Amino acid sequence: MKRILTGLKPTGDLTLGNYIGAIRQMVKMQDEYDSFLFVADLHALTIPQDVKELNARIRKFIAMYIACGIDPNKNTIYIQSENEFIPAMSYLLECTTYYGEASRMIQFKEKSKQNANFSIGLLTYPVLMAADILYCDCDYVPVGIDQKQHVELARNIAERFNNRYGEIFKLPEPLLSQTGTKIYDLKNPTKKMSKSEENPVGVISLFDDLDNIRNKIMKATTDSLNKVHFDFENQPGISNLLNIASELTGKTIETIEEQFKDKGYGEFKKYVADVTIEHISKIQKRYEEIINSKELDSILNTGIERSRKLAQEKYELMKEKMGVTRKILN
Ligand code: TYM
């Protein structure tokens, strides 16, 4: 059985972008793949966090994964920081990564500009992500397009390690959602919808009140062309709403354009709000049932046990290949 893996970083509440870009892809694939899904809590530490909020979010993320349709019987679900072999692997991989390639990552360039005192963790973050991915020999990594470059870096690091020390890593491929696009901020539709956004009027959180979701969509920025048409350059707001509707309904963009051919933006937005609320209301109902359940701990115990075992094996193998072992190598 082929394997898939993805993780989400608890730096804010999960958004519609995270749902479409990553979680729902995992839900769709879980029947056919050996699936690994984790909370990337160590990644959250690359930028300053409120300790209590971060801590609470870790559990909320796990409950939200399950509420979104992730089946604990079909997925290995765990918290990244409970697997100490992953940061240990990350250090070994850092020694096979060039400073130049790490500093060329788009997210590093953007985030390091936002704060002059950025941490070294911000630079090494994609190497930790490579360790997250490479330890379990996964075949595919379902992610949004903003993370594609990091998955490609993981492939490059793995390939270099294999060439230098011997073949021990599988080269994974990024896997994008149906429209393969980012979901953009509703108010500022040329900017990614982000969970760490300070002014969330354009961000749909999976925890938002349903009326609030409707309001945000009805107030989404559009244009004066008055045509429901996909043209990201000239109509970014409408194109973003078309992507959301297409992802949530499974209809193609062309079908939805046809459906609203002679209709105004108000009617189209109402449709997008209806389909979004239909999805999120079901998720929220399930979330309430799960968040206080004792089952979460047993799910996490099972998940981390499997994850640690695989990571330990890979870590020992890496050390041996690199010569850092007590064993005398032939
Ligand atoms: P993160 O937490 O920023 O995002 C989690 C996932 O959601 C996707 N995503 C989006 N997709 C579409 N539209 C958006 N507006 C949008 N915003 C976020 C992201 O592409 C991602 O798939 N470094 C990763 C977490 C990570 C990881 C990994 C992922 C750590 N280790 C190993 C895969 C494999 C991150 O910060 O994602």
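Residues numbered from 1 in each chain as written. Predicted model: local features only at pLDDT ≥ 70, side-chain atom pairs only at ≥ 80, totals over all residues. Heavy atoms only, no water.

### As for the environment of alanine 220
Here comes step 1: Looking at the element boundaries, alanine 220 is found in the loop between helix H9 (210–218) and helix H10 (236–249).
Here comes step 2: Every residue in contact with alanine 220, bar those within four places of it in the chain, is listed here: Leu186, Leu241 and Lys269. (Helix = DSSP H or I, 4+ residues; strand = E, 2+ residues; numbered from the N terminus. Contact = heavy atoms within 4.5 Å.)

### Topic: the domain arrangement of the protein chain
Here comes step 1: Parsing the protein chain into structural domains produces domain 1 (3–181 + 294–322) and domain 2 (200–288).
Here comes step 2: Inter-centroid distance (C-alpha atoms) of domain 1 to domain 2 is 29 Å.
Here comes step 3: Between domain 1 and domain 2, roughly 1700 Å² of surface is buried when both sides are summed, and carbon and sulfur atoms account for 66% of that area.
Here comes step 4: Taken as a group, Leu16, Met64 and Ala67 account for 33% of the area that domain 1 buries against domain 2, more than any other trio of residues on that side.
Here comes step 5: Seen at the junction of domain 1 and domain 2, the total is one salt bridge.
Here comes step 6: Among the ionic pairs, arginine 24 bridges to glutamate 247, the shortest N-O distance being 3.6 Å.
Here comes step 7: Where domain 1 packs against domain 2, one counts seven residue pairs in polar contact (both at pLDDT 80 or more). (Domains from an automatic or database assignment. Buried area = accessible area lost by both parts, 1.4 Å probe. Salt bridge = Lys/Arg side-chain N within 4 Å of Asp/Glu carboxyl O. Polar contact = N/O pair within 3.5 Å; in protein donor to acceptor, adjacent residues only side chain to side chain.)

### Points about the packing of helix H6 (residues 106–114) against helix H7 (residues 120–134)
Here comes step 1: Put simply, H6 and H7 touch, their axes get as near as 10 Å, and they point 165° apart. Relative to H7, H6 is oriented roughly antiparallel. By crossing handedness, the relation of H6 to H7 is classed as right-handed. Of the residues in H7, those in contact with Gln107, Phe108, Lys111 and Ser112 of H6 are Leu122, Leu123 and Tyr125.
Here comes step 2: Its residues assigned to classes, the contact of H6 with H7 comprises four nonpolar, two polar and one charged. (Axes fitted to C-alpha atoms, helices over the stretch in contact; angles between N-to-C directions. Parallel < 35°, antiparallel > 145°, perpendicular 65-115°, else oblique. Left-handed = near helix turned anticlockwise from the far one by under 90°. Nonpolar A, V, L, I, M, F, W, Y, C, P; charged D, E, K, R; others polar.)

### Regarding helix H1 (residues 16–29)
Here comes step 1: With 14 residues, H1 ought to run about 20 Å at 1.5 Å a step, and its terminal C-alpha atoms sit 19 Å apart, in line with that.
Here comes step 2: Of all the bends found along H1, the most pronounced is centred on isoleucine 23 and spans about 40°.
Here comes step 3: Within H1, twelve of the 14 residues are buried, which leaves it mostly tucked inside the rest of the structure.
Here comes step 4: When we look at burial in H1, the residues that qualify are Leu16, Gly17, Asn18, Tyr19, Ile20, Gly21, Ala22, Ile23, Arg24, Gln25, Met26 and Met29.
Here comes step 5: For H1, the N-terminal cap is threonine 15; the gap from its side-chain oxygen to the backbone nitrogen of glycine 17 is 3.1 Å. (Expected span 1.5 Å × (residues − 1). Bend = angle between axes of the 7 residues up to and from the residue. Buried < 20%, exposed > 50% of the residue type's maximum accessible area, 1.4 Å probe, protein only.)

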